[in-house]
Amino acid sequence: MSATMNPPSGPRPPDSRVRWHILASLAGTAMAAALLWCTISVENTALAFLGAFAAALLWGLSSFKSSLGYLVPGVLFGGGALLHHYILPNERFDSYLYTPVNGVIVALALGFAIGLHYARRDGRQQVLDDRQAAAVHASHPPTSRTRRHIVVSVAAVALTVLAYLAAIELGRPWSVIVSVLLLGGAAALGGLSSLSPVVAGGGGAILAVIGDDPRFLVVGILVLLSGALSCRLAREEGLRAERRELAVAPSTP
């Protein structure tokens, strides 16, 4: 049979993710805005927390296929706050952009954008590592990730507590930058272990109980928990994508 009728098989090109980037960017920005509005404009505390919970959950579920779901709202809200504060001040946006709640959203959004990227890569790398190990040993147990979970979780809790301590010193010019960097770092650790944002959220819950202004802490807890779910789903997406591409790639003679 001619070669034109049976073309040689080749590696399967990666699936286009453009549509996911667009959808995640739009949905993530909308959910972050809803989260900000619920926690600042809704006076009833129960309704505010319920709306914030729904917005945070939908944010995480709509963003795991693309880190732009966190990066775009983080850049927009952070850039908007800087633009509003230094260049185009407008009193209508004071209660939204220049607030601790917006700072928490920006910090965690930028951190989870990094975390999702590495969570997806970690999932892909696990498939390659398992394949390499299987080539040497007929059967091998899955690589234990317990030590990584423990170390990264402890680091995430430490960063979250330090971010809170820096945030309560907002009168000092360096504290905002330090707090954002620390909180963003705690979120970014979700790329190594999706358990770490969950544990960090638990630490935030303790601070919310003893704190004087729990709303921005509750926002942080909700975003940490939904971001942990998003990192977990992104890692599984990386696993599936790598297995799918390896399954259709030509076998090595």
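These numbers come from a predicted model, not from an experiment.

S.K.: It is not clear to me how the overall build of the chain should be interpreted in this structure. Could you clarify?
M.R.: From N to C terminus, the chain includes nine helices and zero strands. Reading the chain from its N end, one meets helices and strands in the order α-α-α-α-α-α-α-α-α. Among the 253 residues that make up the chain, the fraction classed as buried is 42%. In the chain, of all internal contacts separated by at least 6 residues, the share reaching a separation of at least 24 is 81%. Summed over its atoms, the accessible surface of the chain is roughly 14000 Å², and 68% of this surface lies on carbon and sulfur atoms.

S.K.: I keep staring at the side chain of Ser196 and nothing clicks. Help me out?
M.R.: With respect to the element layout, Ser196 can be found in helix α8 (residues 195-210). For Ser196, a relative accessible area of 0% gives the class buried. A polar contact is formed between the side chain of Ser196 and the backbone oxygen of Ser193, at a distance of 2.7 Å. Beyond its immediate sequence surroundings of up to four residues, Ser196 is in contact with Val152, Ser153, Ala156, Leu189 and Gly190.

S.K.: Can you help me understand the packing of helix α1 (residues 18-41) against helix α2 (residues 45-63) in this one?
M.R.: One can describe the packing of α1 onto α2 by two numbers: an axis separation of 8 Å at closest approach and a directional angle of 165 degrees. Of the possible angle classes, the one that applies to α1 and α2 is roughly antiparallel. Remark: the crossing between α1 and α2 carries left-handed chirality. The residues of α2 that touch α1, namely those facing Ala24, Ala27, Gly28, Met31, Ala32, Ala34, Leu35, Cys38 and Thr39, are Ala48, Gly51, Ala52, Ala55, Leu58, Trp59, Ser62 and Ser63. Classifying every residue of the contact of α1 with α2 gives twelve nonpolar, five polar and no charged.

S.K.: When you look at the pattern of salt bridges in this model, what are you seeing that I'm missing?
M.R.: Proximity of charged atoms lets side chains of opposite charge pair with each other. Scanning the model with the defined rule gives five salt bridges in all. Between Asp122 and Arg235 there is a salt bridge, with the nearest N and O atoms lying 2.9 Å from each other. Of this pair, Asp122 sits in helix α5 (residues 100-136) while Arg235 sits in helix α9 (residues 214-248); the two residues are 113 residues apart in sequence, bridging distant segments of the chain. Accessibility assignment for this pair places Asp122 and Arg235 in one class, buried. Put simply, Arg232 and Glu236 hold a salt bridge, and the shortest N to O gap is 3.2 Å. Within this pair, Arg232 and its partner Glu236 are both found in helix α9, separated by four residues, close to a single helical turn. Arg232 gets classed as partly exposed once you look at its relative accessible area, which sits at 37%.

S.K.: Any chance you could explain the environment of Phe112 here in plain terms?
M.R.: Among the secondary structure elements, Phe112 is positioned in helix α5. Of the residues examined, Phe112 reaches a relative accessible area of 0% and is grouped as buried. As for Phe112 and Leu224, which are separated by 112 residues in sequence, their C-alpha atoms are 8.7 Å apart.

S.K.: Looking at this structure, how should I read helix α3 (residues 68-86)?
M.R.: An α-helical turn contains 3.6 residues, so a residue and the one three or four places further along point in the same direction. When the terminal C-alpha atoms of α3 are compared, their 26 Å separation across 19 residues agrees well with the 27 Å that a helix rising 1.5 Å per residue should span. Restricting attention to buried positions, one finds in α3 the residues Gly69, Tyr70, Pro73, Gly74, Phe77, Gly78, Gly80, Ala81 and His84. The arc that holds the buried residues of α3, viewed along the axis, is 155 degrees, so those residues lie on one side. Of the exposed residues in α3, the ones pointing more than 90 degrees away from its buried face are Leu82 and Tyr86.

S.K.: Quick question: what am I supposed to make of the packing of aromatic side chains here?
M.R.: The description of an aromatic ring pair rests on the distance of the ring centres and on the angle between the ring planes. Scanning all chains against the criterion turns up two aromatic pairs. Taking the centre distance of 5.5 Å and the plane angle of 45 degrees together, the rings of Tyr70 and Phe112 count as tilted. Taken as a pair, Tyr70 in helix α3 and Phe112 in helix α5 lie far apart in primary sequence, 42 residues in all. Taking the relative accessible area as the measure of exposure, Tyr70 reaches 0% and is therefore buried. Taken together, the ring pairs in this structure connect Trp59, Tyr70 and Phe112 into an aromatic cluster. Lying over the aromatic face of Trp20, Lys65 brings its terminal NZ or CZ to 4.7 Å of the ring centre.

S.K.: When you look at the nonpolar core in this model, what are you seeing that I'm missing?
M.R.: One recurring pattern in soluble globular proteins: nonpolar side chains tend to sit buried together. With 42 residues, the main nonpolar core has Leu35, Trp59, Ile105, Leu108 and Phe112 as its most contacted residues. At the level of secondary structure, the elements contributing two or more residues to this core comprise α1, α2, α3, α5, α6 (146-167), α7 (175-188), α8 and α9. Among the elements that take part in this core, α5 stands out by supplying eleven residues, more than any other. Sequence-distant contacts of Leu35, that is, excluding residues within four places in its chain, are made with Ala52, Ala55, Trp59, Ile105, Val219 and Val223.

Definitions and limits used
- Residues numbered from 1 in each chain as written.
- Predicted model: local features only at pLDDT ≥ 70, side-chain atom pairs only at ≥ 80, totals over all residues.
- Heavy atoms only, no water.
- Helix = DSSP H or I, 4+ residues; strand = E, 2+ residues; numbered from the N terminus.
- Buried < 20%, exposed > 50% of the residue type's maximum accessible area, 1.4 Å probe, protein only.
- Contact = heavy atoms within 4.5 Å.
- Areas by Shrake-Rupley, 256 points an atom, 1.4 Å probe, with all protein chains shown as cover.
- Polar contact = N/O pair within 3.5 Å; in protein donor to acceptor, adjacent residues only side chain to side chain.
- Axes fitted to C-alpha atoms, helices over the stretch in contact; angles between N-to-C directions.
- Parallel < 35°, antiparallel > 145°, perpendicular 65-115°, else oblique.
- Left-handed = near helix turned anticlockwise from the far one by under 90°.
- Nonpolar A, V, L, I, M, F, W, Y, C, P; charged D, E, K, R; others polar.
- Salt bridge = Lys/Arg side-chain N within 4 Å of Asp/Glu carboxyl O.
- Expected span 1.5 Å × (residues − 1).
- Arc of directions from axis to C-beta.
- Phe/Tyr/Trp six-rings, centres within 6.5 Å; stacked < 30°, edge-to-face > 60°.
- Lys NZ or Arg CZ within 6 Å of the ring centre and 35° of its normal.
- Core = buried A, V, L, I, M, F, W, Y, C linked by side-chain atoms within 4.5 Å.

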